[in-house]
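Remarks on the overall topology
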Amino acid sequence: MPDQNIPNTRYSKSWPWKMAWRDARNSKSKLLLFILAIALGIAALVGITSFRENLLVEINNQAKTLLGADVSVRGSQLLPDSLLAAHSEYAADMSRESYFASMVYFPRTDGTRLTQVRALSGKYPYYGAIETLPAEASRTFLEGQSALVDEKLMIQYNVETGDSVKVGNLLFHIAGKLRKIPGQTNVSSTAAPVVYIPYKYLDRTGLIQKGSRINYLHYYVFKEQADTTQAWKELKEVTEDRGYDVDTVEDEKRQTSRSFKDLTDFLELVAFVALLLGCIGVASSIYVYTKEKTSIVATLRCLGITSSQAITIFLIQVSFFGLIGSVFGSALGVSVQVFLPELLKDFIPISFTSSISWPSVFTGIAIGVVVSVLFALLSLVSLRLVSPLQAIRTEVDEIKKFDRIQALIALVLFGFINLLVYLQIRSWLDSIIFTAGLMGALIILGLMGAGLRWIIRKSLSQNISFAWRQGLSNLYRPHNQTTILIITLGLGTSFIATVLFMQSMLLERVTISGAGDRPNTVLFDIQTPQKEEVKTMTLDYDLPILQEVPIVTMRLEEINGMDQMESEQDTTIHRRSWVYNREYRVTYRDSLIDSESIAEGEWIGLAMGDSIPISIAKGFADNLDVKLGDKILWNVQGALVETYISSFRDIDWRRVQTNFLVLFPTGVLERAPQFHVLITKIDNTETSARYQQAVVRNYPNISIIDLELVLKTLDEILGKIAFVIRFMALFSIGTGIIMLISSIVLSRFQRMKENVLLRTLGASSIQLWKVVIAEYFFLGILGSLTGVLLALVFSVVLGQFVFELTFVPDFIQILWIILAVTGVTVFIGLFNNQSVISRSPLEVLRKAG
Amino acid sequence: MASILKVESLSKTYPSGNKFIKVLDNINFDVSPGESIAIVGPSGSGKTTLLGLCAGLDRATEGKVTLNNTLLNKLGEDDLAKVRNQYIGFIFQNFQLIPTLTALENVMVPLELRGEKNVQRLSADLLERVGLGDRLDHYPSQLSGGEQQRVAIARAFSNSPKILFADEPTGNLDDETGTHIEELLFDINKEQQTTLIIVTHDSELAKKTDKIISLKGGKII
């Protein structure tokens, strides 16, 4: 063997950069889809994460104004003197507030409405302000028999400042319009409009009666030198042990942040789906790009470049264009984020103008570049297998479909996706399930693609027309893209469909129907002496009494002989501590109603002797951590009553019924202090208004829930939520369409020469159109069908484990999705091939180079 | 004189379905520096396969290829790339210019790859030499077939190769352009003292070389 004379070539380090730039000059349009795909995904992600960052910062900055004080103490009873005295050790000042639901009446316009009445004394809020028109009304209303009324309510009932409002037995002069109170959102004020009255008039309204559900609030501002750390912490615990909620600024901050977690989590999920779709778009466009660059790589290999240099050239391009896409996407995301506070203003209790969150922007850019590179590498690594021999023999050494390096990249990719998912949901198990689900979806789609090829190959009849046969044969012939197109189409469809299904499911969750024979008016807080009179009055208005329910309030003392403290010390018991602190509103009956059914145990409708059987709502039993036969000791307004659990009930909470967590049999509570609820159905608005006015005039303590009004209000709120969801879903759908385009562009590369050849051999344009339609129709229908099936599975799983809802598919919606995706697939296929079909063969070949 | 290319007992077999097809069978020949050789034969005789093996584009099933004292069979892909960059020039039937680069940039590639200086001047001179001094900034799609092949010739000679492989260099050109390209190829080859291996169907072109290797059924006849 001769001495090896291998040249000691020192490759130029800068040459791959030069080559990348030169090659990219003419490839910009081909990489446009790539840039768009990544940009939309990153835009959604940056928009949402920036918004969340801003929101959290603002919640942090404005936490004191959310609460309006340093601390608030809330309970269903006034604070005992001992606790008041202990609190005043730390407090520089204190304000009182009582709030409850009550009807109000506007005499001038004869309007009645269920509102949240708040009786206030003191200088609250100590931080922030109650915003009113005129501004001074927020303080002056406390001086006389005056009220502040929610501005929207005043507009709705055509009431002006200076008019009167009747609250209970008293008439108040409206001192001003209430625009904003600390911690309240537009949505909450729509659902429960507020009327402020001075605290000193509360008793005289006559609304404080036995069984009335009233919340008492004490707001404190700390003394400057007060020890608010350890000593206050202990006092807080003591107060909470007595059944009061104590909220500090820190608690309020946490609660507000947590209440927005669901919203931002959902929006981030949508953004993440948009990003994943973008990634598939990246993978598709780079797959096409790689195919097109194969001959260049073969030539360059002949000229002496190494395989790693070949990959480097295109990796530089991908990183650069990924960076451009990410920067563009981040800029778009920042613009979106400017609109988000406006879009979500009705849901946010604080006002803020968004500023650029640089960490979100840089994270977005970094994620964009990394996912671009990883998804692109899946295809790019195959370039290392391009043999220089392909420069002289194009038919040999086809790029291998799969190799170990690709498998390794796929693994890294899944790891990265898993990490991103984890960062969204902060649970390794859930993120692994999500990523595994994604992998499973890919395998299913791949199998569907292979199955379609096999079925068509085996069953294609020679008797069908040439165009249809050709179109269908394209699905299994060499160089077919069936599997990859089914994967991309299917995955895209499944993501889009899942977002749509989730949207429907979440909206369905809060939609109740007042149509048909269902009741639509509920009167509550009826005192026992008023019961018969109200019933008579209702019948006088020709209204049916659909349900009349007694309600007894009670507290839970012990479960199986254990009070709250003992229960908390026993680590084997997983009981929510609040079950001991809340007030229970309980009814008694001898039978079940149609919104409930026995899930376990036996329903006993009559208590015999000392043993009192009760029934517990099934879901609530988990919070209590109880089983059938367990004993519960109740404190019924001073009297202790021991019961045992004889059954668990399933309850349909969406029905317009009075449903109860705890149900007693007859024969126990009949003589306990109680109030009543009456349910009726009013068919026309005029009767409803007259009936409500009569009830409020005669029985000011009785509150009326007009379900028509509730539905209208709910509809208004849902409209706002739906708008937000749809706005965000636009990103996913937009990216999905780009992904669809890139996956279909895939096939153009393969079909172009074939179609040109058919044209040369004399195929008519119509025949070629039919070939294209047949091929893309089958791809579209199978891809979308598989995608929808996957989305159904995802939705059932998400519904079950995340939203705790039963997902009911809407077949019309499903049909629309399949038709839309198939239609778009065929349209893009036709559009994509029109240049090939409508031009002369030579022109196409010249253009293709 | 030591040979620049030595082919010994060279065989190449390709899988085809369940069978193997022997495309080249026990090929032996030597090429001296500066010599020009034509490999001729009917379609399917193994000409292009032989060229691919001699240029280190493919690997032999059996036998040895020694190019400029380097045994190609033993080299890894990266070393083969270095050999191609330093010692070999290529001219293809379908020109194989890089469509996204201008004529000048196409010629510059082999020199730029190894980090040489003044490559723009040298490449422009070469394009001037092949008569394309006024087409430096044109892209391949803006050039005729003959012009593209002239750019390919300029590129092939740009790294002053020891050996030049030409695969049907006039196969895609009309007679007149083909003749002009042949003249250019032989003239520059003479100027640069390069060894020339041409695969061709064209017996007239083959006659212009120093030696002809005829292949039939994968064997030298």
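Just so it is clear, the structure is predicted and the values come from calculations on it, not from any experiment.

Some words on the pairing of strand 1 (residues 71–75) of chain A
All names here are of chain A. Of all the five residues making up strand 1, four are buried; the element is thus mostly covered by neighbouring parts of the structure. Relative to strand 10 (residues 245–248), strand 1 runs antiparallel, the two being bridged by four bridges. The residue of strand 10 that forms the bridge with Ser-72 is Asp-247. When strand 1 meets strand 9 (residues 215–222), the two strands line up antiparallel, connected through five bridges. If you follow Val-71 over to strand 9, its bridge partner there is Tyr-220.

Side note on the side chain of A:Glu97
Residues and elements named next belong to chain A. Mapped onto the elements of the fold, Glu-97 is located in strand 2 (residues 91–106). The exposure class of Glu-97 is buried, given its relative accessible area of 1%. At 3.3 Å, the side chain of Glu-97 forms a polar contact with the side chain of Arg-118. Once you skip the residues sitting within four places of it in the chain, Glu-97 turns out to touch Arg-118, Ala-119, Leu-120, Tyr-124, Tyr-196, Tyr-199, Asn-215, Tyr-216, Leu-217 and Tyr-219.

Here we look at the nonpolar core
Ranked by size, the top nonpolar core spans 144 residues in total, and within it A:Leu300, B:Leu5, B:Phe29, B:Leu50, B:Leu67 and B:Phe165 carry the most contacts. If we ignore the near neighbours within four places in the chain, the residues touching B:Leu50 are B:Leu10, B:Leu24, B:Ile27, B:Phe29, B:Ile39 and B:Leu215. In terms of nonpolar packing, the next biggest core, distinct from the first, is built from 33 residues, B:Leu126, B:Val151, B:Ala156 and B:Ile181 among them.

Remarks on the pairing of strand 2 of chain A
Along any regular strand, the residues point their side chains to alternate faces of the sheet. Residues and elements named next belong to chain A. Pairing geometry for strand 2 and strand 9, over eight bridges, is antiparallel. Its bridge partner being in strand 9, Glu-97 is matched across the sheet by Leu-217. Taken together, the 11 bridges between strand 2 and strand 3 (residues 111–121) define a ladder with antiparallel strand orientation. Bridge pairing in strand 3 links Tyr-99 to Arg-118.

Structural notes on the confidence of the model for chain A
Confidence in the prediction of chain A, expressed as mean pLDDT, is 81, and 87% of residues score 70 or more. The element-level mean pLDDT for chain A is lowest in helix 24 (residues 841–848) of chain A, coming to 56, with strand 8 (residues 194–198) of chain A highest at 94.

Side note on the packing of helix 3 (residues 103–113) of chain B against helix 5 (residues 145–158) of chain B
Residues and elements named next belong to chain B. Between helix 3 and helix 5, the shortest axis-to-axis distance is 8 Å and the interhelical angle comes to 20 degrees. Judged on the interaxial angle alone, helix 5 and helix 3 are roughly parallel. Note that helix 3 runs across helix 5; the crossing there is right-handed. In this structure, helix 3 uses Ala-103, Asn-106, Val-107, Pro-110 and Leu-111 to contact helix 5, whose residues at the interface are Val-151, Ala-154, Arg-155 and Ser-158. Of the residues belonging to the contact of helix 3 with helix 5, the class tally is six nonpolar, two polar and one charged.

Quick word on the pattern of salt bridges
Inspection of the entire model under this criterion finds 30 salt bridges over all chains. In this structure, A:Lys18 engages B:Glu112 in a salt bridge whose closest nitrogen and oxygen atoms are separated by 3.7 Å. Separated into two different chains, A:Lys18 in helix 1 (residues 15–25) and B:Glu112 in helix 3 make up a pair that spans both. With a relative accessible area of 5%, B:Glu112 lands in the buried category. Among the salt bridges present, the one from A:Asp163 reaches A:Arg108, with a minimum N-O distance of 2.8 Å. Of the two residues, A:Asp163 sits in the loop between helix 6 (151–156) and strand 6 (164–167) while A:Arg108 sits in the loop between strand 2 and strand 3, which places them 55 residues apart along the sequence. Of the residues examined, A:Asp163 reaches a relative accessible area of 15% and is grouped as buried.

Considering a nonpolar patch on the surface
Residue and element names in this part refer to chain A. A grouping of Leu-419, Leu-423, Trp-428 and Ile-432 is seen on the molecular surface, where their side chains present a nonpolar patch of about 370 Å² in accessible area. Among the secondary structure elements, those contributing two or more residues to the nonpolar patch are helix 13 (404–425) and helix 14 (428–459). Within the element layout of this structure, Ile-432 appears in helix 14.

Looking at the interface of chain B and chain A
Residue-level contacts link 44 residues of chain B with 39 residues of chain A. Regarding the contact of chain B and chain A, the summed buried area is about 3600 Å², with carbon and sulfur atoms giving 59% of it. It is B:Thr100, B:Glu112 and B:Leu113 in chain B that bury the most area against chain A; as a group they hold 18% of the surface buried on that side. At the junction of chain B and chain A, the tally comes to five salt bridges. Linking A:Arg22 and B:Glu112 is a salt bridge whose minimum nitrogen-to-oxygen distance equals 2.6 Å. Counting every contact that joins chain B to chain A gives 10 residue pairs in polar contact (both at pLDDT 80 or more). Secondary structure elements with two or more residues in the side of chain B that touches chain A: helix 1 (47–54), strand 5 (70–71), helix 2 (77–87) and helix 3 of chain B.

Observations concerning the sheet that holds strand 1 (residues 5–16) of chain B
Residues and elements named next belong to chain B. Spatial ordering of the open sheet is given by 2-1-4-5, a layout of four strands whose pairing is antiparallel. Every other strand in the sheet has two partners, leaving strand 2 (19–31) and strand 5 as the edge strands with one partner each. In this structure, strand 1 lies alongside strand 4 (residues 62–67), joined through five bridges in antiparallel fashion. Bridge pairing links Val-7 to Val-65 in strand 4.

Regarding helix 17 (residues 528–540) of chain A
Residue and element names in this part refer to chain A. With 13 residues, helix 17 ought to run about 18 Å at 1.5 Å a step, and its terminal C-alpha atoms sit 19 Å apart, in line with that. Here helix 17 has its buried residues at Gln-530, Val-534, Met-537 and Thr-538. Projected down its long axis, helix 17 carries its buried residues within an arc of 100 degrees, all on one side. Where helix 17 is buried, its residues contact strand 11 (521–527), strand 19 (675–680) and helix 20 (685–698). Positive phi appears at Asp-542, one or two residues downstream of helix 17, with a value of about 60 degrees.

Examining the packing of helix 11 (residues 307–343) of chain A against helix 12 (residues 358–380) of chain A
Residues and elements named next belong to chain A. Close contact between helix 11 and helix 12 brings their axes to 8 Å; oriented N to C, the two are set at 145 degrees. The crossing of helix 11 and helix 12 is right-handed. Here Ile-311, Phe-314, Leu-315, Val-318, Ser-319, Gly-322, Leu-323, Ser-326, Val-327, Ser-330 and Val-334 of helix 11 come into contact with helix 12, specifically with Val-361, Gly-364, Ile-365, Gly-368, Val-369, Ser-372, Val-373, Ala-376, Leu-377 and Leu-380. Class assignment of the residues belonging to the contact of helix 11 with helix 12 gives a composition of 14 nonpolar, seven polar and no charged.

Considerations on the packing of aromatic side chains
Taken as a whole and assessed by the stated rule, the structure comprises 17 aromatic pairs over all chains. With 5.7 Å between their ring centres and 10 degrees between their planes, B:Phe90 and B:Phe92 make a pair best called stacked. Comparing B:Phe90 with B:Phe92, the two get one shared label, buried. Ring pairs connect the aromatic residues A:Tyr584, A:Phe620, A:Trp634 and A:Phe664, which therefore count as one cluster. Taking NZ or CZ as reference, A:Arg118 lies 5.3 Å from the ring centre of A:Tyr99, over its face.

Conventions and cut-offs
- Residues numbered from 1 in each chain as written.
- Chains lettered and ligands numbered in written order.
- Predicted model: local features only at pLDDT ≥ 70, side-chain atom pairs only at ≥ 80, totals over all residues.
- Heavy atoms only, no water.
- Buried < 20%, exposed > 50% of the residue type's maximum accessible area, 1.4 Å probe, protein only.
- Helix = DSSP H or I, 4+ residues; strand = E, 2+ residues; numbered from the N terminus.
- Pairing = 2+ DSSP bridges.
- Polar contact = N/O pair within 3.5 Å; in protein donor to acceptor, adjacent residues only side chain to side chain.
- Contact = heavy atoms within 4.5 Å.
- Core = buried A, V, L, I, M, F, W, Y, C linked by side-chain atoms within 4.5 Å.
- pLDDT = per-residue confidence, 0-100.
- Axes fitted to C-alpha atoms, helices over the stretch in contact; angles between N-to-C directions.
- Parallel < 35°, antiparallel > 145°, perpendicular 65-115°, else oblique.
- Left-handed = near helix turned anticlockwise from the far one by under 90°.
- Nonpolar A, V, L, I, M, F, W, Y, C, P; charged D, E, K, R; others polar.
- Salt bridge = Lys/Arg side-chain N within 4 Å of Asp/Glu carboxyl O.
- Patch = residues over 30% accessible without salt bridge, like charges linked within 9 Å, V, L, I, M, F, W, Y side chains within 5 Å.
- Areas by Shrake-Rupley, 256 points an atom, 1.4 Å probe, with all protein chains shown as cover.
- Buried area = accessible area lost by both parts, 1.4 Å probe.
- Expected span 1.5 Å × (residues − 1).
- Arc of directions from axis to C-beta.
- Phe/Tyr/Trp six-rings, centres within 6.5 Å; stacked < 30°, edge-to-face > 60°.
- Lys NZ or Arg CZ within 6 Å of the ring centre and 35° of its normal.

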